[in-house]
Amino acid sequence: MADHHTDDNDGGDHEGSLPDERALRTAIGRLRVKPGSDLVLAKRATDGDFGMSKEQALARLTETRARIDVLQQRLYAESRRSVLLVVQAMDAAGKDGTIRNVLTGLNPAGIRVSSFKAPGGPEAQHDYLWRVHQQCPSRGDIAVFNRSHYEDVLVVRVKQFVPEAVWRRRYAHIRHFEQLLGDEGTTVVKVFLHVSKDEQARRFQERLDDPEKRWKFRAGDLDDRALWPEFQSAYQDAINETSTDDAPWYVVPADSNSRRNMAVGEILRATLERLDPQIPEPEAGLDGVKVV
Ligand code: ADP
């Protein structure tokens, strides 16, 4: 499924074959934020193309999805472990488009996407991880979070919904929570879709100008845009504080939809490949059984 955006102009000459598997893996590996590496978000590219044209990125994602499908079926059959993919981003960076494009065609029975809005009702009456824990994947499943518990150290910090002492101690809660998930069989992987401020302006304008897309625009989006530096700082700190070996953050260039989707597909695929889920041994005594 294509994401119809005009930002995917090819900057360079990408004629010829896809970058080899190893080069791509290395390029994707560089997006990972190593624990203790002191990420400076402003130094991370928003416009990386991984040496691929838009068409090449689409072709690669198609292949990757087929592989994810196989691995997801094995994960489901094995039914011992699970994967949680957390997707965070500034508005219009493409959370929805990424999730749609990466997961299209997978077996819906094994996938759950949860979106987290401002907490209301019982959510607001509990600790901030309560609603999140309930949406974590069952054994054998892949869960995707469209926004997540990270909002509680991002928007909540920037908009000063709670005092600093409250959001600051949450980094430790989150590290421990994700460690608990990992220890109990859920592999956590987190992507920050890194869009430039200019590209966000272009996409907002496109939403405003296109009657089919205007519904996506909220006046509040401009308030958040005005707080761009504060949000970038909050993201930078949150990522630095919570990127661990077992629950790493990846900063994914998001100015190009096709390369962004491709990169997130690679990250999910690599996570599943590392898990190497195994289909269970069949029952004994099935050899030679004929169904009549
Ligand atoms: P999206 O932008 O994800 O497509 P919405 O436009 O409905 O969806 O925005 C959801 C809003 O909910 C965002 O502004 C986000 O910051 C807010 N939100 C999510 N979680 C929290 C939270 N824990 N506390 C406050 N606001 C939150």
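Criteria and cut-off values
- Residues numbered from 1 in each chain as written.
- Predicted model: local features only at pLDDT ≥ 70, side-chain atom pairs only at ≥ 80, totals over all residues.
- Heavy atoms only, no water.
- Near = heavy atom within 4 Å.
- Polar contact = N/O pair within 3.5 Å; in protein donor to acceptor, adjacent residues only side chain to side chain.
- Areas by Shrake-Rupley, 256 points an atom, 1.4 Å probe, with all protein chains shown as cover.
- 1 Å grid on protein atoms, 1.4 Å probe; cavity = no way out; pocket = protein on both sides within 12 Å on 5 of 7 lines; lining within 4 Å.
- Sits in = over half its atoms within 2 Å of the grid points.
- Nonpolar A, V, L, I, M, F, W, Y, C, P; charged D, E, K, R; others polar.
- Salt bridge = Lys/Arg side-chain N within 4 Å of Asp/Glu carboxyl O.
- Buried < 20%, exposed > 50% of the residue type's maximum accessible area, 1.4 Å probe, protein only.
- Points joined across faces, edges and corners; volume = space filled by probe spheres on them.
- Helix = DSSP H or I, 4+ residues; strand = E, 2+ residues; numbered from the N terminus.
- Pairing = 2+ DSSP bridges.
- Phe/Tyr/Trp six-rings, centres within 6.5 Å; stacked < 30°, edge-to-face > 60°.
- Lys NZ or Arg CZ within 6 Å of the ring centre and 35° of its normal.

**Points about the site of the ligand**
Neighbouring the ligand are 14 residues, the closest being Lys 117, Ala 118, Arg 147, Glu 151 and Arg 218. Within the side chain of Glu 151, one N or O atom sits 3.0 Å away from an oxygen atom of the ligand. Here a nitrogen atom of the ligand sits 3.1 Å away from a polar atom, N or O, in the side chain of Asp 152. Here the ligand has 570 Å² of accessible area as a free molecule, and 80% of this is covered by the chains. Judged by the fraction of its atoms near the pocket grid, the ligand is located in the largest pocket. For the shell around the ligand, the class distribution of residues is 6 nonpolar, no polar and 8 charged.

**Some words on the pattern of salt bridges**
Here the structure, examined in full by the defined rule, presents 21 salt bridges. In this structure, Arg 81 engages Glu 78 in a salt bridge whose closest nitrogen and oxygen atoms are separated by 2.8 Å. When its relative accessible area of 18% is taken as the criterion, Arg 81 is described as buried. Taken together, the shared-partner salt bridges in this structure form one network comprising Glu 199, Arg 202, Arg 203, Glu 206 and Lys 213.

**Focus on empty space enclosed by the protein**
Evaluated as defined, the whole model comprises 2 cavities of 30 Å³ or more. Roughly 30 Å³ of internal volume is contained in the second largest cavity. What lines the second largest cavity is simply Leu 85, Val 87, Thr 98, Ile 99, Val 102, Leu 103, Val 144 and Val 264. Elements supplying a minimum of two residues to the lining of the second largest cavity: β2 (82-89) and α3 (95-103). Examining the composition of the lining of the second largest cavity, we find that 4 residues originate from one element, α3, more than from any other.

**Observations regarding the sheet that holds strand β3 (residues 111-115)**
Strand order in the open sheet formed by 6 strands is β1-β6-β5-β2-β4-β3, and the pairing between neighbours is mixed. A single partner strand is all that each edge strand has here, and the edge strands are β1 (32-33) and β3. As paired elements, β2 and strand β5 (residues 186-194) share 8 bridges and run parallel to each other. Residue pairing in the sheet places Val 83 in a bridge with Thr 187 of β5.

**Focus: the packing of aromatic side chains**
Summed over the entire model, instances satisfying the criterion amount to 5 aromatic pairs. Judged by centre distance (6.2 Å) and plane angle (75°), the rings of Trp 167 and Tyr 171 are edge-to-face. On the criterion of helical spacing, the pair formed by Trp 167 and Tyr 171 is a turn pair, its members being 4 residues apart in helix α6 (residues 164-183). Residue Trp 167 shares its accessibility class with Tyr 171, and that shared class is buried. Looking at Arg 170, its charged tip hangs above the ring of Tyr 128, at a distance of 4.3 Å from the centre.

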